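Observations on the three-dimensional arrangement
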Amino acid sequence: NVRAHGNIARFLVARMLYADGLATVFAFGGIFAAGTFGMELEQVLLFGIVLNITAGLGAAAFGWIDDWIGAKPTILISVAGLLLTAGGAVSAPTATWFWIWGSALGIFVGPAQAASRSMMARLSPAPLRTEFFGLFALTGKATAFAGPALVAWLTVVTDSQRWGLSVILAFFLVGGILILTVREPAADSTDSTAY
């Protein structure tokens, strides 16, 4: 039935793209840190811990923003933050700047994921909510190979990890643009045209 729900379909495609960008960050962030800045395993593990802490803080801080302005604006702020901080991390001239941008990136990871679930709940018609959350889960995994494959290909073609990892910026940018086309119903809306 998803073809009869174009608004939700656009959201699912947008979410698929920026989720692929996030998955690629998690898959290659440590490799990039080690290869570009010579970080040791212990440093990469510590960076992963810091990233998880900032992600948790971001999710907590943005929870009230979702309640206040809605899921769509929260997602847009988060994706814009991901685009900015990922761009900073990929182009960082030193390991210190990579730490700064990478830690800041974590702030927007949690909100992007949490607000996406909130948006799915608001968009889904009640009788089909379980089915749409099944599609939501599928879109988070069905194309998870695309980001790593593109990073690998571009890294080989350009002989540069920086250019390879820059693929994530395209995922965030296109996903954010698509989110702009999604209509978010009011929290108490029962208008089926919003679906």
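Here, the structure is the one placed above.
Residues numbered from 1 in each chain as written. Predicted model: local features only at pLDDT ≥ 70, side-chain atom pairs only at ≥ 80, totals over all residues. Heavy atoms only, no water.

Re the overall build of the chain
Put simply, the rule is: Going along the chain from the N terminus, every DSSP run of H or I of four or more residues is numbered as a helix, and every run of E of two or more is numbered as a strand. Only protein chains enter the calculation, and the probe is 1.4 Å; a residue is then buried if its accessible area is under 20% of its type maximum, exposed if over 50%, and partly exposed in between.
A tally of helices and strands in the chain yields eight helices and zero strands. Element order for the chain, N to C, with α for helix and β for strand: α-α-α-α-α-α-α-α. When the backbone C-alpha atoms are referred to their principal axes, the chain occupies close to 55 × 35 × 25 Å. Taken over 195 residues, the chain has a buried fraction of 46%.

Describing unusual backbone geometry
Even without being a glycine, aspartate 159 presents a positive backbone phi close to 55°. The topology assignment puts aspartate 159 in the loop between α6 (146-158) and α7 (161-165).

Observations concerning the packing of helix α1 (residues 6-37) against helix α3 (residues 71-90)
Heads up, the condition is: Helix axes are fitted to C-alpha atoms over the stretch in contact, other axes to C-alpha atoms as well, and angles between N-to-C directions run from 0 to 180 degrees. Relative orientations are named as follows: roughly parallel for angles under 35 degrees, roughly antiparallel for angles over 145 degrees, roughly perpendicular for angles from 65 to 115 degrees, and oblique for any other angle. Should the near helix be turned anticlockwise from the far one by less than a right angle, the crossing is left-handed, and should it be turned clockwise, the crossing is right-handed. The contact criterion used is simple: two residues touch if any of their non-hydrogen atoms lie within 4.5 Å. Note on residue classes: Ala, Val, Leu, Ile, Met, Phe, Trp, Tyr, Cys and Pro are nonpolar, Asp, Glu, Lys and Arg are charged, and everything else, Gly too, is polar.
Orientation of α1 relative to α3, taken along the N-to-C sense of each, is 30°, at an axis distance of 12 Å. The angle between the axes of α1 and α3 places the two elements in the roughly parallel class. In this structure, α1 meets α3 at a crossing whose hand is left-handed. Residue-level inspection shows Phe11, Tyr18, Leu22 and Phe32 of α1 in contact with α3, the latter providing Ile75, Val79, Leu82, Ala89 and Val90. Partitioned by chemical class, the residues of the contact of α1 with α3 number nine nonpolar, no polar and no charged.

Side note on the packing of helix α2 (residues 41-69) against helix α4 (residues 95-123)
As a packed pair, α2 and α4 sit with axes 6 Å apart at the nearest point and diverge in direction by 45°. Considering their axes alone, α2 and α4 lie oblique with respect to each other. In the packing of α2 onto α4, the handedness of the crossing is right-handed. Classifying every residue of the contact of α2 with α4 gives 15 nonpolar, eight polar and three charged.

Examining the side chain of threonine 54
Note the threshold: Polar contact is the term for a pair of N or O atoms within 3.5 Å; when the atoms are in protein, one must be able to donate a hydrogen and the other to accept it, and sequence-neighboring residues count only if both atoms are side-chain atoms.
Looking at where threonine 54 falls in the secondary structure, it is placed in helix α2. The exposure class of threonine 54 is buried, given its relative accessible area of 13%. A polar side-chain atom of threonine 54 sits 3.0 Å from the main-chain carbonyl oxygen of leucine 51. Residues in contact with threonine 54, not counting those within four places in the same chain, are Ser103, Gly106 and Ile107.

Observations regarding the layout of surface pockets
Cut-off, in case you're wondering: Whether a set of points on the 1 Å grid over the protein atoms alone is a cavity depends on a 1.4 Å probe fitting there but being unable to get out, while an open set qualifies as a pocket with protein on both sides within 12 Å along at least five of seven lines; lining residues are those with an atom within 4 Å of a point. Grid points are joined across faces, edges and corners, and a volume is the space filled by probe spheres set on the points.
A volume near 350 Å³ is recorded for the largest pocket. As for the largest pocket, its lining consists of 22 residues, of which Val25, Phe26, Gly29, Phe47 and Leu51 are closest to the centre. Going through the elements one at a time, α1, α2, α3 and α4 are the ones with two or more residues in the lining of the largest pocket. In terms of residue count, α1 provides more of the lining of the largest pocket than any other element does, seven residues in total. Approximately 220 Å³ is the volume found for the second largest pocket. If you trace the second largest pocket, you find 14 residues lining it, with Arg15, Ala19, Leu22, Gln113 and Gly140 closest to the centre. Elements represented by at least two residues in the lining of the second largest pocket include exactly α1, α4 and α5 (129-139). When the residues that make up the lining of the second largest pocket are grouped by side-chain class, the tally is eight nonpolar, three polar and three charged.

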